[in-house]
Amino acid sequence: MPIQIAPSILSGDFANMGQTVKALDLAGADMIHIDVMDGRFVPNLTFGPPLIAAIREYTSLPFDVHLMIAEPERSVADYIKAGADRVTVHAEACLHLQRTLALIRDAGVKAGVAFNPATAVDALPYILDDVDLVLVMTVNPGFGGQSFLAPMLHKMRAVRQMLRDRGRDQTHIEVDGGINDRTAKQCIAAGADVLVAGSHVFSAPTVAQGIASLR
Ligand code: DX5
Ligand code: ZN
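Parameters at a glance
Residues numbered from 1 in each chain as written. Chains lettered and ligands numbered in written order. Predicted model: local features only at pLDDT ≥ 70, side-chain atom pairs only at ≥ 80, totals over all residues. Heavy atoms only, no water. Helix = DSSP H or I, 4+ residues; strand = E, 2+ residues; numbered from the N terminus. Rg over C-alpha atoms; globule rule 2.2 N^0.38 Å. Buried < 20%, exposed > 50% of the residue type's maximum accessible area, 1.4 Å probe, protein only. Contact = heavy atoms within 4.5 Å. Areas by Shrake-Rupley, 256 points an atom, 1.4 Å probe, with all protein chains shown as cover. Lys, Arg positive; Asp, Glu negative; His and termini not counted. Charge placed at Lys NZ, Arg CZ, Asp CG, Glu CD. Salt bridge = Lys/Arg side-chain N within 4 Å of Asp/Glu carboxyl O. Expected span 1.5 Å × (residues − 1).

Q: Tell me about the overall build of the chain, and name the residues and values.
A: For the chain, the count of helices and strands is 8 helices and 8 strands. The C-alpha radius of gyration computed for the chain amounts to 16 Å, which stays within 12% of the reference 17 Å derived for 215 residues, consistent with globular compactness. With the principal axes as the frame, the chain shows a C-alpha extent of 40 × 35 × 30 Å. Within the chain, buried positions represent 54% of all 215 residues. Restricting the contact set of the chain to residue pairs at least 6 apart, pairs at least 24 apart contribute 63%. In the structure as shown, the chain presents an accessible area of about 9400 Å², 51% of it carried by carbon and sulfur atoms. Computing the positive centroid from 18 side-chain charges and the negative centroid from 23, the chain places the two 3 Å apart.

Dropping the structure here:
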């Protein structure tokens, strides 16, 4: 599978999000990763559907929306309406995970399931028909700029093996947190194909250089 780079606007300029996504588009990003935090599921608060709708006109790149929110089933429709192309929910946040994933798919967008670092992926075999991507969190969600958790490489290998064994090699494995040119290489070797990167991309002299160094 081709490797895709999804810069996270969490590390971008909150006063100029339209220009931020435009710059990422021109710099060769494959997707825009949008981190939604509710101050409940994670101890941080970012933005919701109005911001996503507002930046939608600045790029035609897919919006990869990562919902770090409690009870996401209550608002997935709002995020899809605002312009999400992929909606990822956390396994830990969903009491009825399969139903929520089906809800996302039925609305015509791609569905993803995210697992926190300490969450086992035991439920995955039972929901493979309902997911387009598996997001292996490589930090505890909530903040950008944290260090990559190396034990997650084992989780990636286990997920890739599980997908292979079940004829689901087209399902994406996305990694998020502490991704830089060094850890990206390790993740790809472990089976990941979508790289989310916030601080690495935005701390480079230009976002184009940050993306290029990951490529
Ligand atoms: C963490 C978010 C990430 C974050 C990654 O809660 O889900 O997408 O922006 O940031 P870096 O790349 O700086 O670890
Ligand atoms: Zn994220």
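Alright, that's what it looks like, and here's the rest.
Q: Tell me what's going on with the pattern of salt bridges, and back it up with residues and numbers.
A: In total, this model carries 9 salt bridges according to the counting rule given. Notably, a salt bridge pairs D193 with R160, separated by 3.4 Å at the nearest N-O pair. In this pair, D193 is assigned in the loop between helix 6 (181-189) and strand 8 (194-197) and R160 in helix 5 (residues 152-165), connecting sequence segments 33 residues apart. Using a relative accessible area of 2% as the deciding quantity, one classes D193 as buried. A salt bridge links R164 to D169; the shortest N-O distance between them is 3.7 Å. If you follow the salt bridges from partner to partner, you end up with R160, R164, D169 and D193 in one network.

Q: Tell me what's going on with the environment of E174, and back it up with residues and numbers.
A: Among the structural elements, E174 can be located in strand 7 (residues 172-176). E174 sits in the buried class, given a relative accessible area of 0%. With 71 residues separating them in the primary sequence, E174 and L103 have C-alpha atoms 21 Å apart. Setting aside anything within four residues of it in sequence, one finds E174 in contact with H33, D64, R86, L133, V134, L135, V136, V194 and V196.

Q: I'd love a proper account of helix 5, names of residues and values included.
A: Given a rise of 1.5 Å per residue, 14 residues ought to cover 20 Å, and the 20 Å separating the end C-alpha atoms of helix 5 matches this to within 8%. All of the buried residues along helix 5 are M152, L153, K155, M156, V159, R160, M162 and L163. Those residues of helix 5 hidden inside the fold are in contact with strand 5 (110-115), strand 6 (133-137), strand 7 and helix 6. G167 sits one or two residues past helix 5 and shows a positive phi near 65°.

Q: Explain unusual backbone geometry to me, and be specific about the residues and the numbers.
A: A positive phi angle, close to 45°, is found at E71, a residue other than glycine. Overall, E71 belongs to the partly exposed group, its relative accessible area being 32%.

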